Amino acid sequence: KDAVEISLKDIDQLAKTSFPLCMRHMLEKLRENHHLKHGGRMQFGLFLKGAGLKLEDALAFWRAEFSQKVGSERFDKEYAYSIRHNYGKEGKRTDYTPYSCQKIISATPGVGDHHGCPYRHFGEDNLRAALNKMGISGHPLEEIMDKVKNRHYQLACTMTFEAEHGVSCDTGINHPNQYFSESQKVLKA
Ligand code: SF4
C-alpha cells in the first residue's frame, strides 16, 4: 500500500528511530540470542515484510542470525521455508498480512517468547526500563504508565510515539506498521 522499502542494512537504524516497542524488543532479542521462537518469527517477520523488506533480504536477515545458533544448513532446512511461506511463496501461497495491535495484544506469549505487546505483557519495571531506553522519562513516562494501568495499551503506545517524535498522533496507533510509516512520515518531512 505505501511505497516505503527497507533494506537489510537499514534495519537497526530504522528500529531505533521508527519501530514500535514490540518490534524493537524482538530485534534486540534476536540479535542477543540469534533465535526467536515461532510466535516471534511470525509477528516480527510479517512486520518487516509489511515495512517493505524484500524476500531475499528477509532470508539473509534471518539466516545471518539463526545460522550462528543452529547452523546455516539447519536454517535452510527448517526455517527458510516458513519465511518464504510468509511471503506467499510456499504452500497455499497466501500473502500473509502483518498482525494488528489488537491481535498482538491478545497473544499469550509463554516462557522464552518475545512476541506480544510490551505495554500488555511486560512487568512494570521492564516496561519502565524499556521506555527509559527510548529516551522517555519524567511526566510523559508517568502518563504512559497510567494508561497501561488502565489497560489502554494502544493509547500508551500512541503517547510513546508522541513523546518520541514531538508531534501529536490524532489517529492513534492501531497497527505496528502504521507506527512505522507515521514515524517515517514525520522524520522525512
Ligand atoms: Fe506494538 Fe501495537 Fe503494542 Fe504498540 S500497541 S507496542 S505497535 S502491539
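Residues numbered from 1 in each chain as written. Predicted model: local features only at pLDDT ≥ 70, side-chain atom pairs only at ≥ 80, totals over all residues. Heavy atoms only, no water.

### Notes on the site of the ligand
Formally: Residues are classed as near a molecule or strand on a simple rule: at least one heavy atom within 4 Å of it. Labels follow the DSSP assignment, with helices taken as runs of H or I lasting at least four residues and strands as runs of E lasting at least two, numbered in each case from the N terminus. Charged residues are taken to be Asp, Glu, Lys and Arg, nonpolar residues to be Ala, Val, Leu, Ile, Met, Phe, Trp, Tyr, Cys and Pro, and polar residues to be all remaining types, Gly included.
As a structural note, the neighbourhood of the ligand is formed by Pro20, Cys22, Cys101, Ile104, Cys117, Pro118, Tyr119, Cys157 and Pro176. At the level of elements, helix H6 (101–105) and helix H7 (118–121) are the ones that each hand at least two residues to the shell around the ligand. Considering only residue class, the shell around the ligand consists of nine nonpolar, no polar and no charged.

### Observations regarding the nonpolar core
Basically, it comes down to this: What makes a nonpolar core is a set of buried Ala, Val, Leu, Ile, Met, Phe, Trp, Tyr and Cys residues whose side-chain atoms join them at distances within 4.5 Å. Accessibility here uses a 1.4 Å probe with only protein chains present; expressed as a share of the type maximum, an area under 20% marks a residue as buried, one over 50% as exposed, and anything in between as partly exposed. Each domain's limits were defined by an automated method or a database of domain assignments. In this analysis, two residues are considered to be in contact whenever any of their non-hydrogen atoms come within 4.5 Å of each other.
Judged by nonpolar contacts, the single largest core of 55 residues is most densely connected at Phe19, Phe44, Trp62, Tyr119 and Leu131. Here this core gets seven residues from one element, more than from any other, and that element is helix H4 (residues 55–70). Two domains each donate at least three residues to this core, and these are domain 1 (8–86) and domain 2 (101–188). Setting aside residues no more than four positions away along its own chain, Phe19 makes contact with Ile11, Leu14, Arg24, Phe44, Phe47, Leu48, Tyr179 and Phe180.

### Description of helix H5 (residues 72–86)
Rules: One less than the number of residues in a helix, times 1.5 Å, gives the span that helix is expected to have. What we call the bend at a residue is the angle made by axes fitted to the seven residues finishing there and the seven residues starting there.
Relative to the 21 Å expected for 15 residues at 1.5 Å per residue, H5 spans 20 Å between its end C-alpha atoms, a close match to the ideal helical length. Of all the bends in H5, the greatest measures close to 45° and is centred on Tyr79. Gly88 sits one or two positions beyond H5 and adopts a positive phi of about 75°.

### Comments concerning the pattern of salt bridges
Rules: In what follows, salt bridge is the name for a side-chain nitrogen of Lys or Arg lying within 4 Å of a carboxyl oxygen of Asp or Glu.
Scanning the entire structure with this criterion turns up twelve salt bridges. Between Arg31 and Glu65 there is a salt bridge; the shortest N-O distance is 2.8 Å. On the criterion of sequence distance, the pair formed by Arg31 in helix H2 (residues 21–33) and Glu65 in helix H4 is long-range, its members being 34 residues apart. Judged by its relative accessible area of 29%, Arg31 is partly exposed. Relative accessible area serves as the criterion here: at 6%, Glu65 is assigned to the buried category.

### Description of the domain arrangement of the chain
This is how it is decided: N or O atoms within 3.5 Å of each other form a polar contact, as long as, within protein, one can give a hydrogen and the other can take it, and as long as residues adjacent in sequence are counted only when both atoms are side-chain atoms.
What the domain assignment reports for the chain is domain 1 (8–86) and domain 2 (101–188). One C-alpha centre belongs to domain 1, the other to domain 2, and the line joining them spans 21 Å. With 23 residues of domain 1 at the interface, the matching set in domain 2 holds 24 residues. There are two salt bridges connecting domain 1 and domain 2. The salt bridge involving Arg24 is made with Glu164; its shortest N-O contact spans 2.4 Å. In this structure, the connection of domain 1 to domain 2 is made through eight residue pairs in polar contact (both at pLDDT 80 or more).

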